[in-house]
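# Results of the structural survey
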Amino acid sequence: MKFTIDKRILTEAVGNLQRAVSTKTSIPALEGILIRTDVEKIILSAYDLEIGMQTELPAVISAPGAIILTARLFSEIVRKSPADDVTVESDDRNTATITSGVSCFTIIGMNAAEFPEFPKITDTDTLRLPANVLKSMIRQTLFAIADSNAKPIHQGSLFKIEDNMLDVVSVDGYRLALRREAIRFDGSLDFVVPGKTLSEVLKLLRDDDGEVEICPSRRHILFKIDNYTVLSALLEGEFLDYRAALPKDKKTEVTVSTRTLIDSVERVSLLITDRLKSPVRCVFNEDTVKLLCSTTMGRANDQIEAKITGDPLEIGFNNKYLLDALRAAECDEVRLELGGPISPMLVLPKEGDSFSFLVLPVRLRSEV
């Protein structure tokens, strides 16, 4: 095998694929990237048996072939190559020579036949979304994915399609994130994508309206993003009935500047550390939000203006969960809907319901 390729293109691709390479495995091939030649291009593949990633890159092919190269070493060699082009050549003994300008490395590769095959994806439905829409949907729900394995199904996000609407939902037992978008799709469909997979997909998505294809089958899913294909197993189990979890009644409604509220919560949270835990106490009354926090380090008080309708209310929240929801809103103003001091709070856009973030309150102790 022998090919020459633009260093910049190869560096970016190897850097992306390296995230799908296994770091702890007894199978050496999984620590590498499979390189195969095709007509005027090379195909790079990485697979850790959970996530697989593949991309095709234009290259000048001098001799066909395939080889597995250790991802970490190959990535460093390419990244630090001095010239604009990189040439990779391998022989029958799987020894690879990588040259760029005056730089030359000879490293030991592995037989391409040792690389595990990607699972075959059949009987798939294809969803098509603009890249910037999918990026927004993942970004606004990824924060609420569970990081414990108490209920493995909640370590991913639910994708549910009904009546030409796509809901993406994440839940971890303390909060829930729902993002909704209209979509053209005949029928209904639901599947749960692991959070790890969505994190990698998010890094590949661009902020444009280029089309992304999502192809779920019974056990696996493919994301086709530009010249990348991401393969992942789906999670199995019964996901939370998120529609039943969303509160229907509200006694207090607050409309407030998102940035102003974030800044206020961050200020009173300065007294909270990993060792000194304390809820942020929120008092909603007469178009004013008062925020208070008290730890053994001291006390903090802050106050901001807001439009408040309904009953006055005092309620407490974990500062991190509250900030995560507010930062994920990505809009100038939010609407907070509350049903009482021990009821969950909904964070919504000022108009509509394109997203819904539910945050459970913390029971407050009476202040002395």
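Before going into details, it helps to say that this report is about the structure given with it.

Rules and cut-offs
Residues numbered from 1 in each chain as written. Predicted model: local features only at pLDDT ≥ 70, side-chain atom pairs only at ≥ 80, totals over all residues. Heavy atoms only, no water. Helix = DSSP H or I, 4+ residues; strand = E, 2+ residues; numbered from the N terminus. Buried < 20%, exposed > 50% of the residue type's maximum accessible area, 1.4 Å probe, protein only. Contact = heavy atoms within 4.5 Å. Areas by Shrake-Rupley, 256 points an atom, 1.4 Å probe, with all protein chains shown as cover. Lys, Arg positive; Asp, Glu negative; His and termini not counted. Charge placed at Lys NZ, Arg CZ, Asp CG, Glu CD. Core = buried A, V, L, I, M, F, W, Y, C linked by side-chain atoms within 4.5 Å. Polar contact = N/O pair within 3.5 Å; in protein donor to acceptor, adjacent residues only side chain to side chain. 1 Å grid on protein atoms, 1.4 Å probe; cavity = no way out; pocket = protein on both sides within 12 Å on 5 of 7 lines; lining within 4 Å. Points joined across faces, edges and corners; volume = space filled by probe spheres on them. Nonpolar A, V, L, I, M, F, W, Y, C, P; charged D, E, K, R; others polar.

## Thoughts on the overall build of the protein
On a plain count of helices and strands, the protein comes out with seven helices and 26 strands. Principal-axis analysis of the C-alpha atoms places the extent of the protein at approximately 80 × 50 × 35 Å. Per-residue burial over the protein gives 50% buried out of 368 residues. Residue pairs in contact within the protein that sit at least 24 positions apart in sequence constitute 67% of those at least 6 positions apart. When the accessible surface of the protein is split by element, carbon and sulfur atoms take 46% of a total near 18500 Å². Put simply, the protein has 45 plus and 55 minus side-chain charges, and the middle of one group is 5 Å from the middle of the other.

## Re the nonpolar core
Grouped together as the largest cluster of nonpolar side chains are 59 residues, with contacts concentrated most on L10, L44 and F223. A per-element tally of this core places helix α3 (residues 131-139) first, with five residues. If we ignore the near neighbours within four places in the chain, the residues touching L10 are I5, I42, L44, L57, F74, V78 and V86. By size, the runner-up hydrophobic cluster in this structure holds 39 residues, among which are I262, V268, I272 and I315.

## Some remarks on the side chain of R335
Topologically, R335 is positioned in strand β24 (residues 333-338). A relative accessible area of 14% means that R335 is categorised as buried. Only 3.2 Å separates the side chain of R335 from the side chain of E337, close enough to count as a polar contact. Beyond its immediate sequence surroundings of up to four residues, R335 is in contact with E253, V254, T255, L346, V347, L348, P349, K350, E351 and G352.

## Considerations on empty space enclosed by the protein
In this structure the tally under the stated criterion is two cavities of 30 Å³ or more. Here the largest cavity defines a volume of roughly 50 Å³. Together, L261, C282, F284, V289, L291, F317, L322, L336 and M345 line the largest cavity. The set of elements that each furnish at least two residues to the lining of the largest cavity consists of β19 (280-285) and β20 (288-295). Taken together, the residues of the lining of the largest cavity break down into nine nonpolar, no polar and no charged. If you go around the second largest cavity, the residues you meet are P247, D249, K250, E337, L338, G339, P344 and L346. Residue composition of the lining of the second largest cavity, by class: four nonpolar, one polar and three charged.

Any link to function would need more than the numbers given here.
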